[in-house]
Amino acid sequence: MAKIIEVNNVSKTFGKGENINQVLNGASMSVEQGEFVSLMGASGSGKSTLLYLIGGLDRRFDGNISVCGQDIGSLKDKALSDLRLKNMGFVFQFYNLVMNLNVQDNILLPQTMNGKKKSELKGALDEILEITGLTAKRKAMPNTLSGGQQQRVAIARAVLGNPSIILADEPTGNLDSASTEEIMELFRKLNQEKGMTILQVTHSEACAEYGTRIIRLEDGKTVG
Ligand SMILES: Nc1ncnc2c1ncn2[C@@H]1O[C@H](COP(=O)(O)OP(=O)(O)OP(=O)(O)O)[C@@H](O)[C@H]1O
Ligand SMILES: [Mg+2]
């Protein structure tokens, strides 16, 4: 199996001088293509920080990170944003939907903003609405949806472009247990049926159980 994410001896600090905060201190981990991995650790242990570094959202770090075989530390901005757009889908705790756009326009937004035509995306849109169980809600406005439904819209938006990797930061952090199960079942389906590699940050052992492996962050390093 190919390693799709490789983190090698990564260190990351915030602040300077007396206020320096060494968040990651020689962290290493890897994820193989097709895995569904959960990243766990205490609050403040650096889970989100590591996920954002892997996602190329913050490039100031020491060590090496490669994603889909590309060393993200040495990519030019344009190449990094292409890598993100084609290969990574991001899901956060807060759904970040555009409230004055309906469900399908929210899902289409990242691709249409990058110049794709709605007509080209129709097939992919219909498929992802079906997979996420949102077909009947395609014209609904976000404020008429439950939290779980809104998160499904955010996931559909993240995976419309058929990324190889989903990076999710506490995707069920705001949801009740029924919606949490729904979202985890959806991730399992995307992992098993679409072959998407998933790296999720979670505080919940129950959510981590949906995945295939747990990586823990402790004292700036990964264990297990
Ligand atoms: N942009 C930033 N500027 C300064 N410090 C930051 C920044 N982002 C994170 N930190 C610090 O880095 C440390 C790790 O934060 P991070 O958000 O990665 O933790 P986490 O494991 O995701 O925690 P939680 O489970 O609470 O989400 C914390 O001490 C935090 O205060
Ligand atoms: Mg966090």
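Now for a look at the structure at hand. (Residues numbered from 1 in each chain as written. Chains lettered and ligands numbered in written order. Predicted model: local features only at pLDDT ≥ 70, side-chain atom pairs only at ≥ 80, totals over all residues. Heavy atoms only, no water.)

**So, helix α1 (residues 47–54)**
Now for step 1: A large share of α1 lies buried, amounting to six of its eight residues.
Now for step 2: The set of residues buried in α1 consists of Lys-47, Thr-49, Leu-50, Leu-51, Leu-53 and Ile-54.
Now for step 3: At the C-terminal side of α1, Gly-56 shows a positive phi close to 70°. (Buried < 20%, exposed > 50% of the residue type's maximum accessible area, 1.4 Å probe, protein only. Helix = DSSP H or I, 4+ residues; strand = E, 2+ residues; numbered from the N terminus.)

**Brief notes about the packing of helix α5 (residues 147–159) against helix α6 (residues 177–193)**
Now for step 1: With their axes 9 Å apart at the nearest point, α5 and α6 run at an angle of 20° to one another. Here α5 is positioned roughly parallel relative to α6, judged by the angle of their axes. As for how α5 packs across α6, the hand of that crossing is right-handed. Taken together, the residues of α6 that come into contact with α5 (itself represented by Gly-148, Gln-151, Arg-152, Ile-155 and Val-159) are Ser-179, Glu-182, Ile-183, Leu-186, Phe-187 and Leu-190.
Now for step 2: Tallied by class, the residues present in the contact of α5 with α6 amount to six nonpolar, three polar and two charged. (Axes fitted to C-alpha atoms, helices over the stretch in contact; angles between N-to-C directions. Parallel < 35°, antiparallel > 145°, perpendicular 65-115°, else oblique. Left-handed = near helix turned anticlockwise from the far one by under 90°. Contact = heavy atoms within 4.5 Å. Nonpolar A, V, L, I, M, F, W, Y, C, P; charged D, E, K, R; others polar.)

**Side note on the sheet that holds strand β1 (residues 3–14)**
Now for step 1: Across the sheet, which stays open at both edges, the four strands sit in the order β2-β1-β4-β5 with antiparallel pairing between neighbours. Each of the sheet's edge strands pairs with one partner strand only, and the pair in question is β2 (21–32) and β5 (70–71).
Now for step 2: As paired strands, strand β4 (residues 62–67) and β5 are joined by two bridges and run antiparallel to one another. By the bridge assignment for β5, Val-67 is matched with Gln-70.
Now for step 3: The sheet strands contacting α1 are β1, β2 and β4, and the helix crosses β1 at an angle near 125°. (Pairing = 2+ DSSP bridges.)

**Observations regarding the nonpolar core**
Now for step 1: Membership of the largest hydrophobic core comes to 34 residues, with the highest contact counts inside it found for Ile-107, Ile-166, Phe-187 and Leu-190.
Now for step 2: Breaking this core down by element, the ones donating at least two residues are α3 (103–113), α4 (122–131), α5, β7 (165–169) and α6.
Now for step 3: In terms of residue count, the dominant contributor to this core is α5 (six residues).
Now for step 4: Each residue touching Leu-190, except ones within four places of it in the same chain, is listed here: Ile-131, Ile-155, Val-159, Ile-166, Gly-195 and Met-196.
Now for step 5: If you look at the next biggest cluster of nonpolar residues, it comprises 29 residues, including Val-10, Val-37, Leu-50 and Val-201. (Core = buried A, V, L, I, M, F, W, Y, C linked by side-chain atoms within 4.5 Å.)

**Remarks on the sheet that holds strand β8 (residues 197–201)**
Now for step 1: Taking strand neighbours across the sheet as the criterion, the six strands line up as β6-β7-β8-β3-β9-β10 in an open arrangement whose pairing is mixed. In this open sheet, the two strands that pair with only one neighbour each are β6 (88–91) and β10 (221–223). Neighbouring strand axes in the sheet, compared pairwise and without regard to direction, differ in orientation by 20° on average.
Now for step 2: The pairing of strand β3 (residues 36–40) with strand β9 (residues 213–218) spans four bridges and is parallel. The partner of Met-40 across the bridge, within β9, is Arg-216.
Now for step 3: In the packing of α1 onto the sheet, the strands contacted are β3, β6, β7, β8 and β9, and the crossing angle to β7 comes to about 155°.
Now for step 4: Against the sheet, α5 contacts β6 and β7, and its axis sits at roughly 165° relative to β6.

**Brief notes about the layout of surface pockets**
Now for step 1: In this model, the largest pocket occupies a volume close to 360 Å³.
Now for step 2: Along the wall of the largest pocket there are 19 residues; nearest its centre are Arg-84, Leu-85, Met-88, Phe-90 and Pro-110.
Now for step 3: Taken together, the elements giving at least two residues each to the lining of the largest pocket come down to α2 (77–87), β6, α3 and α5.
Now for step 4: The biggest single contributor to the lining of the largest pocket is β6, with four residues.
Now for step 5: Here the lining of the largest pocket is built from residues that sort into twelve nonpolar, five polar and two charged. (1 Å grid on protein atoms, 1.4 Å probe; cavity = no way out; pocket = protein on both sides within 12 Å on 5 of 7 lines; lining within 4 Å. Points joined across faces, edges and corners; volume = space filled by probe spheres on them.)

**Points about the site of ligand 1**
Now for step 1: Around ligand 1 sit 13 residues in total, of which Ser-43, Gly-44, Lys-47, Thr-49 and His-203 are the nearest.
Now for step 2: Here an oxygen atom of ligand 1 sits 3.1 Å away from a polar atom, N or O, in the side chain of Asn-21.
Now for step 3: In this structure, Ser-43 approaches ligand 1 through a side-chain N or O atom, which is 2.6 Å from an oxygen atom.
Now for step 4: Contact with the protein chains removes 58% of the 640 Å² of surface that ligand 1 exposes when unbound.
Now for step 5: The set of elements that each furnish at least two residues to the shell around ligand 1 consists of β2 and α1.
Now for step 6: By residue number, the principal contributor to the shell around ligand 1 is α1, which donates three residues.
Now for step 7: Looking at the shell around ligand 1, its residues break down into three nonpolar, eight polar and two charged. (Near = heavy atom within 4 Å. Polar contact = N/O pair within 3.5 Å; in protein donor to acceptor, adjacent residues only side chain to side chain. Areas by Shrake-Rupley, 256 points an atom, 1.4 Å probe, with all protein chains shown as cover.)

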